[in-house]
Amino acid sequence: MIVPFAAALPEAEVRVALAAIEEILRSGNLVLGRHTETFEAAVAAMAGTHHAVAVNSGSTALEIIFRSLEVSGRAVLVPTNTNYATAAAAGNAGARVQLYDSGLYPDLDDIAARLTPDVAAVVVVHIGGYLSPDLPELARICAHAGVPLIEDAAHAHGAHQAGTPAGGFGLAAAWSFFATKVITTGGEGGALTTNDPDVAAFARRARNQGKDDNGRHIIAGNSWRMTEIGAAIGSAQLEHLTRDVDARREVIDRYAAELASPGLTFPTVAPQGQVSGHKCVTLLGEGIDRTAFRAAVAEHGVALARGVYEQPLHGQPVFAALNVTDAFPSADDFADRHLCLPLWRSMDNETIEQVITAVEAAIGG
Ligand SMILES: Cc1ncc(COP(=O)(O)O)c(C=O)c1O
């Protein structure tokens with residue numbers, strides 16, 4: 001069994017999306033129409049915010065948020081355990097990226113130590129769709145320092161904690177609808193959510209070449225729009241997000257119930273909280289070699305995919321000049337020890353059992 005790069009959409013959603021695509025193609029309204037508006041309303045509902053602005057990628061959503069905050073020439077704190085895009089977007093908006101230590105969750109002490117007056121924003125990333133129990137405290141630390149907290153929620157569709165959805169902890173959140181994400185808008189896509197009307201208005205202009213309602217270019221922008229077809233594909237899935245996320249959570253709970261051991265631990269999720277189920281993260285006990293463990297699982301017919309990020313940003317060649325003298329022990333430990341167990345939409349029972357048997361055998365052996 002090989003983990004698919006991206007899972008197929010269920011047939012019912014394919015039919016809904018195809019009907020919408022046909023209508024869009026016959027109408028000739030290919031961008032910034034009613035499907036984008038409908039999709040944005042559903043994304044705002046998911047994040048519990050007043051505004052959602054659909055764009056062409058999660059990277060774009062991040063860059064627009066940073067531009068709206070005028071980070072140029074200032075520092076943005078970015079976790080080292082994240083996707084390239086989190087740091088690249090801040091850099092593209094003109095910021096000096098400063099990495100902080102983070103495993104699955106951010107290291108609050110490290111963030112606090114780096115919160116100088118020069119910091120224009122702090123980014124937290126909900127790795128794999130897990131929400132840090134420290135998010136309310138992080139929001140308090142940022143508010144106390146007068147620095148906006150930005151959520152990179154690219155993995156976190158449908159996750160929530162104590163009644164607050166992902167997207168509800170910071171000033172704004174960026175979402176990705178890339179092919180592999182919990183929701184995709186046809187391969188590429190993104191959105192930002194916020195309660196701040198100024199950030200939302202900035203984003204609506206920035207994505208459309210910086211134009212105002214009269215077509216004048218009043219800010220620097222780009223062609224960052226989502227297509228109507230992408231929005232319709234996304235809407236077809238968003239309708240079933242809660243059901244889909246619940247199903248993913250069931251698989252995660254089952255893995256944890258059957259496989260947790262001193263050699264394999266699972267992050268705790270509060271019973272009233274929810275993960276997105278983008279990834280099922282597990283940590284190998286100290287001293288267990290990940291490559292050998294993977295090989296043992298593969299011997300039993302299950303090829304595990306790579307971890308979320310096995311190389312944090314401070315080890316990536318393109319970011320070699322950042323934080324060269326700093327240590328990131330949590331990030332290094334997490335990068336070295338975590339695994340992602342197979343998890344995708346509509347996994348069948350037989351496949352789940354195959355994974356459990358193979359992992360059990362690898363732990364036992
Ligand atoms: C944590 C994180 N942030 C941002 C992005 C960028 O999203 P996109 O690929 O839609 O540009 C990704 C995407 O892979 C991601 O995983």
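All of these numbers come straight from a predicted model, not from anything done at the bench. (Residues numbered from 1 in each chain as written. Predicted model: local features only at pLDDT ≥ 70, side-chain atom pairs only at ≥ 80, totals over all residues. Heavy atoms only, no water.)

A. Region of interest: helix H3 (residues 58–68). Of all eleven residues in H3, nine are buried, a share of seventy percent or more. Its side-chain oxygen placed 3.3 Å from the backbone nitrogen of Ser-59, Ser-57 serves as the N-cap of H3. Directly beyond the C-terminal end of H3, a positive phi value near 50 degrees is found at Glu-70. (Buried < 20%, exposed > 50% of the residue type's maximum accessible area, 1.4 Å probe, protein only. Helix = DSSP H or I, 4+ residues; strand = E, 2+ residues; numbered from the N terminus. Polar contact = N/O pair within 3.5 Å; in protein donor to acceptor, adjacent residues only side chain to side chain.)

B. Focus on the sheet that holds strand E9 (residues 190–194). Pairing is mixed in the open sheet, where seven strands are placed in the order E1-E9-E8-E5-E4-E2-E3. Edge positions in the sheet fall to strand E1 (51–55) and strand E3 (96–100), since each has one partner strand and no second. The sheet shows a mean angle of 20 degrees between the axes of neighbouring strands, taken without regard to direction. Each of E1, strand E2 (75–79), strand E4 (119–125), strand E5 (149–152), strand E8 (172–176) and E9 touches H3; the most contacted strand, E8, lies at about 160 degrees to it. (Pairing = 2+ DSSP bridges. Axes fitted to C-alpha atoms, helices over the stretch in contact; angles between N-to-C directions. Contact = heavy atoms within 4.5 Å.)

C. Structural detail: the domain arrangement of the protein chain. For the protein chain, the domain assignment lists domain 1 (11–238) and domain 2 (241–364). Summarising the inter-unit geometry, the C-alpha centres of domain 1 and domain 2 are found 25 Å apart. Opposite the 40 residues of domain 1 that make contact, domain 2 presents 35 residues. Between domain 1 and domain 2, the buried area comes to about 2900 Å², and carbon and sulfur atoms account for 61% of it. Of all residues in domain 1, the largest losses of buried area upon contact with domain 2 belong to Leu-99, Tyr-130 and Val-182, amounting jointly to 22% of the total for that side. Summed over the shared surface of domain 1 and domain 2, the number is two salt bridges. Of the charged contacts, one joins Arg-345 and Glu-13 as a salt bridge, the two residues approaching to 2.7 Å between their closest N and O atoms. Seen at the junction of domain 1 and domain 2, the total is 15 residue pairs in polar contact (both at pLDDT 80 or more). (Domains from an automatic or database assignment. Buried area = accessible area lost by both parts, 1.4 Å probe. Salt bridge = Lys/Arg side-chain N within 4 Å of Asp/Glu carboxyl O.)

D. Molecular detail of the sheet that holds strand E10 (residues 264–265). Spatially, three strands are ordered E10-E11-E12 in an open sheet, and the strand pairing comes out antiparallel. The sheet terminates laterally at E10 and strand E12 (338–341), the two strands that pair on one side only. Of the strand pairs in this sheet, strand E11 (residues 280–284) and E12 are connected by four bridges, and their pairing is antiparallel. The residue bridging Val-281 from the neighbouring strand is Cys-340, located in E12.

E. Main features of the nonpolar core. By size, the foremost hydrophobic cluster in this structure holds 68 residues, and its most contacted members are Phe-66, Val-76 and Tyr-255. Here this core gets six residues from one element, more than from any other, and that element is helix H12 (residues 349–364). The contact partners of Tyr-255, leaving out residues within four places of it in the chain, are Ala-260, Phe-266, Cys-280, Leu-341, Pro-342, Met-347, Ile-352, Val-355 and Ile-356. Counting 39 residues, the second largest nonpolar core, distinct from the first, contains Val-43, Ala-52, Ala-54 and Met-226. (Core = buried A, V, L, I, M, F, W, Y, C linked by side-chain atoms within 4.5 Å.)

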